[in-house]
Amino acid sequence: MVRKIFKVIFHFIIAIFIMMFLIAAHSSSLNLLWLSSMNMPVTVSTIIDVFYGDFRGLLFGGAFPVPVLIAFICLILFLLTGILRRWLRFSPVFMYAMSGVATFLVVTVVLPLGFNNIDLIANARTGIGKSLLCLFGAAAGAYFGFFVGRSKDDEQM
Amino acid sequence: MMNKCKHAVFCLMLSMSCMSISTVYGFDYKSEVVIENLDNPWSIACISNSDWLVTELSGSLRRVVNGELQEEPIAGVPEAFYYGQGGLSDVVLHPNFNENKYVYLTMSAADTSNKKLNFLKVVRGELHKNELLNVETIFESKPLRKTRAHYGARLAFMKDGSILISSGDGFNHREQAQLLDNHFGKFIRLNDDGSIPKNNPYADKEGYKPEVWSYGHRNQQGLVVTKEGLVIAHEHGPKGGDELNIIQPGKNYGWPAITYGVDYSGAVISPFTEHPDMEQPVKYWVPSIAPSSMILYSGDMFPSLKNDLLISALKPGDVRQLKFEEDEVVSESIIISEFGRIRHIAEAPDGSLLLLTDQRRKKGKLIRISAVSEDS
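Overview of the structure. (Residues numbered from 1 in each chain as written. Chains lettered and ligands numbered in written order. Predicted model: local features only at pLDDT ≥ 70, side-chain atom pairs only at ≥ 80, totals over all residues. Heavy atoms only, no water.)

Structural notes on helix 2 (residues 44-61) of chain A
Buried within helix 2 of chain A are the following residues: Thr46, Val50, Gly53, Asp54, Gly57, Leu58 and Leu59 of chain A. Buried residues belonging to helix 2 of chain A abut helix 1 (2-37) and helix 3 (66-84) of chain A. (Buried < 20%, exposed > 50% of the residue type's maximum accessible area, 1.4 Å probe, protein only. Helix = DSSP H or I, 4+ residues; strand = E, 2+ residues; numbered from the N terminus. Contact = heavy atoms within 4.5 Å.)

Okay, here's the thing in C-alpha cells:
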C-alpha cells in the first residue's frame, strides 16, 4: 500500500515536471522567435540561457508559485478522474490525458476571468498558445495514466 | 464658559489625534488626514490651496473645498469602465484653467458594441461650480483590449501647450509596444483640443499612428514636464525592472525587447537589458517599488526638496526623493513611509504635499503633508 502511494506521488511529481518543462520550452521558443524577429542578437548561448532561466524561473522564481498552482488543479482533476474511472470504461491514458487538458483549460481560460482577463502564463495569450498548453497537459496526463492508471489496484487515483 | 473650554480642549485633542509630526532623514513634516473613505482615489489636482479635485477609480470626480469633501460628485463626468485597474484615473487642469475652466480626465471606457472590450479614453470639459460642461472626447486608444490592466492613463501638459498621455501595454499586448501602428505601450502627444500636432515624430508616416510620441513602454504612471521642457516618466516593470526614463520624441524605450525584470510567472521576458537602438532608463528598480506618480517639487515649504523628483510608490508604500542632476539620478531617499501604498502625490500651491493612499480592500485617504511650524 505504502509502495503504491509512493509510486503515485512519484509519477504525479514527474507529470508536473513534464508540464513545467514543456511550458518552459514553449515560453523560451516563443520569446526567442519574437526577439529574433525584432533583430535582437539571439545566439546559441542565449537560447540555452533563456531555456534554463525559464525552467528555473517558472519552478522557483515566480511572484506566484506556478508549479504549485498547476499541481493543485491537476491533483483535484486526477482524483476526480480516479473516481470517474469506476464508471467510465475509457483507457486510463486517455482519461488522465483529458484531465491534463482540463488542468490547462482551468489555468488558461477560467483563472484569467478572476484576474482582469490577464493571462497568468504569458504563453497562453493566444489561442494557439492555449491549445499547446492543453496539449502539454495531455502529454503529462497520458504519462501519469500510462504508469499509474493501468494497474487495477490504483483505481482510486 | 466651562463648557466652551471643554469644547475647545476636545477639539484640540481631536485635531491632534488626526495630525502627527514626523522626522525622517532630516525631513520634518506634519501630516494631517484631510479626507477618509475615498473610493479608490487615483489622482488629485489643485485649483487653489483650498479647492482640490480628486478622482475615484469607481468613476466619481470629487471636490474638496476647505478640507471638506463635497457631498455630491461633480456632475457630467462620462461613465468609466470600472474593473480591475480600470476606471476614472487622472485629473489635470489646463495651464490656463482660470480663464478657460478646462479639466482633463483620463479613464478606461467600455466599447459601445461589445461591453467586454475596453480602451483608454481622454476627455475634457469645462468646470462650472459642481458640473463639467461641454465634455468632449479628445483621445481613444486603439485597438480595443479585453484585459483590464495597464492603462498608463497619466496626462501632462508640455511646455508648448500640447498634452502628453501615457498609454499602457494592456498587459497581454506587450509585444505591440514595439509596433507603431497601435497605442499599446506608447506616449501619445496631442494638441489641447485633441488634434494631432504636425511635428509629431510619426505624423506623416503611412501605417504609423500619428499621435505616437515615443514607444516601447509598459505601464507609465508618473509623468513630469520640467520648466525647461524635459519630459521625465516612470513606468511599472514586471517582477523587477521599474524604470525612470527621460522621454524624447521618436525614441524606443525597449519594452519588452529589453528589460531588467522577469515575468510574474518567473519566466524570462527578454534576456537582453540593452540595445543600441533602444533607450536606457536613467534609473531602474529591482525589486520593484511599483511607482505610481511623480512630481517635480517647486514649492518653498520644504527647501530640502526643492527641484527634486518626488515619487510615490505602492510597494511597500512610500514617497521617495530623487535628486536629479544633468539627466542623472544622484541620490534616492525614502522621506515618507508611514501611510502604506501611496497612489498619488501632488503639490499644493502653498508647497504642501497631498497624498492619496491606496489600501487594498480599504477606503483611501487624502493626507496633507506640511512643514512643522515653529509653534507646533
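Observations concerning the side chain of Ser312 of chain B
Residues and elements named next belong to chain B. You can see Ser312 is positioned in strand 20 (residues 309-313). Within the structure, Ser312 has its side chain in polar contact with the side chain of Ser292 (distance 2.7 Å). Polar contacts involving the side chain of Ser312 include one to the side chain of Ser293, which spans 2.7 Å. Residue contacts for Ser312: discarding those within four places in its chain leaves Ala290, Pro291, Ser292, Ser293, Asp318, Val319, Ile342, Arg343, His344 and Ile345. (Polar contact = N/O pair within 3.5 Å; in protein donor to acceptor, adjacent residues only side chain to side chain.)

Here's the deal with the nonpolar core
The nonpolar side chains of soluble globular proteins are, as a tendency, buried together. Counting residues in each nonpolar core, the largest one holds 33 residues, and the members touching the most others are Ile16, Met20, Ile23, Ile70 and Phe144 of chain A. Those elements that provide at least two residues to this core are helix 1, helix 2, helix 3, helix 4 (92-110) and helix 5 (127-149) of chain A. The contacts of Ile70 of chain A, once residues within four sequence positions are left out, are Ile16, Met19, Met20, Ile23, Thr103, Phe104, Val107 and Ile121 of chain A. Of all hydrophobic cores here, the second largest spans 22 residues; its members include Trp42, Leu57, Leu155 and Phe157 of chain B. (Core = buried A, V, L, I, M, F, W, Y, C linked by side-chain atoms within 4.5 Å.)

Some thoughts on unusual backbone geometry
All names here are of chain B. Across the junction of Trp255 and Pro256, the peptide omega takes the value -5°, indicating a cis bond. Val286 connects to Pro287 through a cis peptide bond whose omega is 5°. Positioned with a positive phi, Asn40 is a non-glycine residue whose angle comes to about 50°. Looking at the secondary structure, you find Asn40 in the loop between strand 2 (27-38) and strand 3 (41-46). In this structure Asn40 comes out as partly exposed when scored by relative accessible area, which is 28%.

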